[in-house]
Amino acid sequence: EWREAWPLTIGITLDQGVWRTQKTEIIDAVESEGYLAAEITESTIALDLINNEAVLTLRVETGAQYVMGDVSFEQDVVKPVVLQPIPRFATGDPYSAWAVEQLRQDLWRTGYFGEVDVREERVHDVNPPRVDFRVLGGPRNRLTHQGTVGYGTDSEFRIQYNLTRHRLSERGDSFTAGLGWQQRDQEVRLAMEYRLPRRTPTARKYWLASTIFKQERRELFLESDGEESDRITRTDIQEYLLRLGHGHVRGVGRSRELLTETWFLDFLREEDGIDSSDLRALPLTVDAQGDPIPERSGNVQSYALGYMLELPLIEGSGFQTTGHHERGWIIASSEAVGSDVDFQQLYFSSRWNKLFTPRLMLFLRGEVGYTNADVDEFSVIENGEELRVELTTLPNTYRFRAGGSRSVRGYDFESLSNNGFGSNHVLTASAELEYNFMGNWAGAVFYDVGNAFNDWSDPRLKQGGGVGVRWYTLAGPIRLDVAQALDLEGDPWTFHLTIGTPLL
């Protein structure tokens, strides 16, 4: 690749500054691939003063390729077995400067160390030559406090506090607790998580236990041809979730990010506050078959088994940020094990950033979710018009909603679902083109489509489109969009304000 990109080709004016730069780059390139004894053995410029020509000769002897040697950890912060699976290479692999840098980064990410020093010791008199590594690490402060106050059109005003105990013992176990409030839906959330690394010297695996309490206020609406009509009721939804799981973290190719796989078991207790009395208060309310409305308490208890996969591959910074981010899960719950509801759910989403030129970038996003769960359907006759009520039996924790700055713009946050209650399925997609017109500023045009719904034969996909401006700061891009809801009467415009890369 270096040779094919050689800049001083026939007919190009000789530039000795470029010549010197190329000699530095070739040594850096071969050393990064393990040829640590590489040297330039010939470097000449032969001038023909009559024809005004120069003949360049550059010869590099790479020598043997070094391999990765042993890694020793000199620290008293955690037990050695906790650190053994962290290197993304094995003894005998070809030397890679990238892999050494990743070792530094991954050790820092553990949260155990305040400083990390990876020292290379080259062993020349063996075949093949190798590089051993001494890792020196000093402990960091065990406690981290983080508080945030912010505003976004999805959350409105929000306040959050997080406490992390990075190292409870030499086993490397950690504890995190967070408390947050947001103005949107008056949501209050308390979450705690405990992680314990497994003693597996060849793989990064851990046990986890987490618990979440969340309370939010939701409004239930009647619908006419997919549009909101009269409000039925406003209710507080309370969720208590306990998750026990097993995680596996691994490196993927030459990415700075990591693939995370998690098997988990959820214990959920939920109260959505909507019972049969709220529905019977409606005029002439019957179910889809004309029968009386069945009893509904609003209390749900479920036990669900699931598998989750997350793969973020993000590189660069500012407008030059590229990569992709995939997420997916499979969840199942059954009345046979004591759950109040049977359901099976599949979900997958992908986000892509790609630079076409240094100033032009394309962002693509898509998600699809499917749930096999029952839906209670009712009809309300009001002023001669039939209005529908569709209530999925799926617990609120697992329901899908669409709309907002990271979904279908032009519509309010999570405003797209059946009766505002949430839905069994979701399908959204987005295409956005950004142009960097000045420094850290870029403009964007976009088109979004999607909805959350209960019936695949009638998804009623909504469309939104608009323009936006991006300001790339050290805290991440600040994104302001003006979007039009193309399927609402009057095609209303909506502002969306977010901070951070859309890849996350």
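Below is a short write-up of the structure. It should be emphasised that the depicted structure is a prediction, and the values quoted were computed from it without experimental measurement. (Residues numbered from 1 in each chain as written. Predicted model: local features only at pLDDT ≥ 70, side-chain atom pairs only at ≥ 80, totals over all residues. Heavy atoms only, no water.)

Brief notes about the overall build of the protein
Part 1: Of the regular secondary structure elements, the protein holds four helices and 24 strands.
Part 2: Within the protein, buried positions represent 42% of all 504 residues.
Part 3: Taking as baseline every contact in the protein between residues at least 6 positions apart, the subset at least 24 positions apart corresponds to 57%.
Part 4: Surface summary for the protein: the accessible area is close to 26100 Å², and the carbon and sulfur share equals 53%.
Part 5: Once the 51 positive and 76 negative side-chain charges of the protein are each reduced to a mean point, those two points are 7 Å apart. (Helix = DSSP H or I, 4+ residues; strand = E, 2+ residues; numbered from the N terminus. Buried < 20%, exposed > 50% of the residue type's maximum accessible area, 1.4 Å probe, protein only. Contact = heavy atoms within 4.5 Å. Areas by Shrake-Rupley, 256 points an atom, 1.4 Å probe, with all protein chains shown as cover. Lys, Arg positive; Asp, Glu negative; His and termini not counted. Charge placed at Lys NZ, Arg CZ, Asp CG, Glu CD.)

Some remarks on the sheet that holds strand β5 (residues 130-139)
Part 1: One open sheet accounts for three strands, arranged β3-β5-β4; its pairing is mixed. Looking along the sheet, the strands with just one partner apiece sit at the ends: β3 (67-74) and β4 (113-123). Shown here is a sheet whose adjacent strand axes are inclined to one another by a mean of 20°, direction ignored.
Part 2: Strand direction decides the pairing type here: β4 and β5, joined by 10 bridges, are antiparallel. Each bridged residue has a counterpart across the sheet, and for Arg119 the counterpart in β5 is Arg134.
Part 3: Across the sheet, helix α3 (residues 97-109) is in contact with β3, β4 and β5; its angle to β4 comes to roughly 155°. (Pairing = 2+ DSSP bridges. Axes fitted to C-alpha atoms, helices over the stretch in contact; angles between N-to-C directions.)

Let's talk about the side chain of Arg351
Part 1: Note that Arg351 resides in strand β16 (residues 343-357).
Part 2: Of note is the side chain of Arg351, whose polar atom sits 2.9 Å from the backbone oxygen of Pro502.
Part 3: Not counting the four nearest positions on each side in its chain, Arg351 is found in contact with Gly323, His324, His325, Glu326, Phe363, Leu364, Arg365, Arg406, Pro502, Leu503 and Leu504. (Polar contact = N/O pair within 3.5 Å; in protein donor to acceptor, adjacent residues only side chain to side chain.)

Observations concerning the pattern of salt bridges
Part 1: Overall, the coordinates contain 27 salt bridges when judged by the stated rule.
Part 2: Two residues, Arg171 and Asp173, come together in a salt bridge whose shortest N-O distance is 3.0 Å.
Part 3: Exposure remark for Arg171: the relative accessible area of 38% places this residue in the partly exposed category.
Part 4: Taking the shortest distance from any N to any O, the salt bridge between Glu414 and Arg218 comes out at 2.5 Å. Highlighted residues: Glu414 in the loop between β19 (385-392) and β20 (425-438) and Arg218 in strand β10 (residues 204-224), separated in sequence by 196 residues.
Part 5: Given the relative accessible area of 9%, Arg218 is considered buried. (Salt bridge = Lys/Arg side-chain N within 4 Å of Asp/Glu carboxyl O.)

Looking at helix α1 (residues 16-32)
Part 1: Helix length check: α1 (17 residues) gives 25 Å between terminal C-alpha atoms against 24 Å at 1.5 Å per residue, within 8%.
Part 2: Along α1, the residues classified as buried are Trp19, Gln22, Ile26, Ile27 and Val30. Looking down the long axis of α1, one finds its buried residues gathered within 130° of arc, a one-sided arrangement.
Part 3: Contacts from the buried residues of α1 go to β1 (39-48) and β2 (53-61).
Part 4: With a side-chain oxygen positioned 2.9 Å from the backbone nitrogen of Gly17, the residue opening α1 is Asp15.
Part 5: Just past α1, the residue Gly34 takes up positive phi, approximately 105°. (Expected span 1.5 Å × (residues − 1). Arc of directions from axis to C-beta.)

Topic: the environment of Glu223
Part 1: Mapped onto the elements of the fold, Glu223 is located in strand β10.
Part 2: Measuring from C-alpha to C-alpha, the distance between Glu223 and Glu270 comes to 25 Å, with 47 residues separating the pair along the chain.

With respect to the packing of aromatic side chains
Part 1: One pass over the full model with this rule turns up 14 aromatic pairs.
Part 2: An angle of 40° between the planes, with centres 5.0 Å apart, marks the rings of Phe213 and Tyr240 as tilted. Note that Phe213 is positioned in strand β10 and Tyr240 in strand β11 (residues 227-251), a separation of 27 residues in sequence.
Part 3: Relative to Tyr347, the ring of Trp329 has its centre 4.3 Å away and its plane inclined at 20°; by these criteria the two rings are stacked. Of the two residues, Trp329 is situated in strand β15 (residues 322-333) and Tyr347 in strand β16; the sequence distance between them amounts to 18 residues. For the pair Trp329 and Tyr347, one class covers both residues: buried.
Part 4: Feature note: the residues Trp2, Trp6 and Trp19 constitute an aromatic cluster, connected by ring pairs.
Part 5: Above the ring of Phe421, the side-chain terminus of Arg399 is found at 3.9 Å from the ring centroid.
Part 6: One Lys or Arg, Arg409, reaches over the ring of Phe446 and ends 3.8 Å from the middle of that ring. (Phe/Tyr/Trp six-rings, centres within 6.5 Å; stacked < 30°, edge-to-face > 60°. Lys NZ or Arg CZ within 6 Å of the ring centre and 35° of its normal.)

The analysis is restricted to geometry; functional conclusions fall outside its scope.
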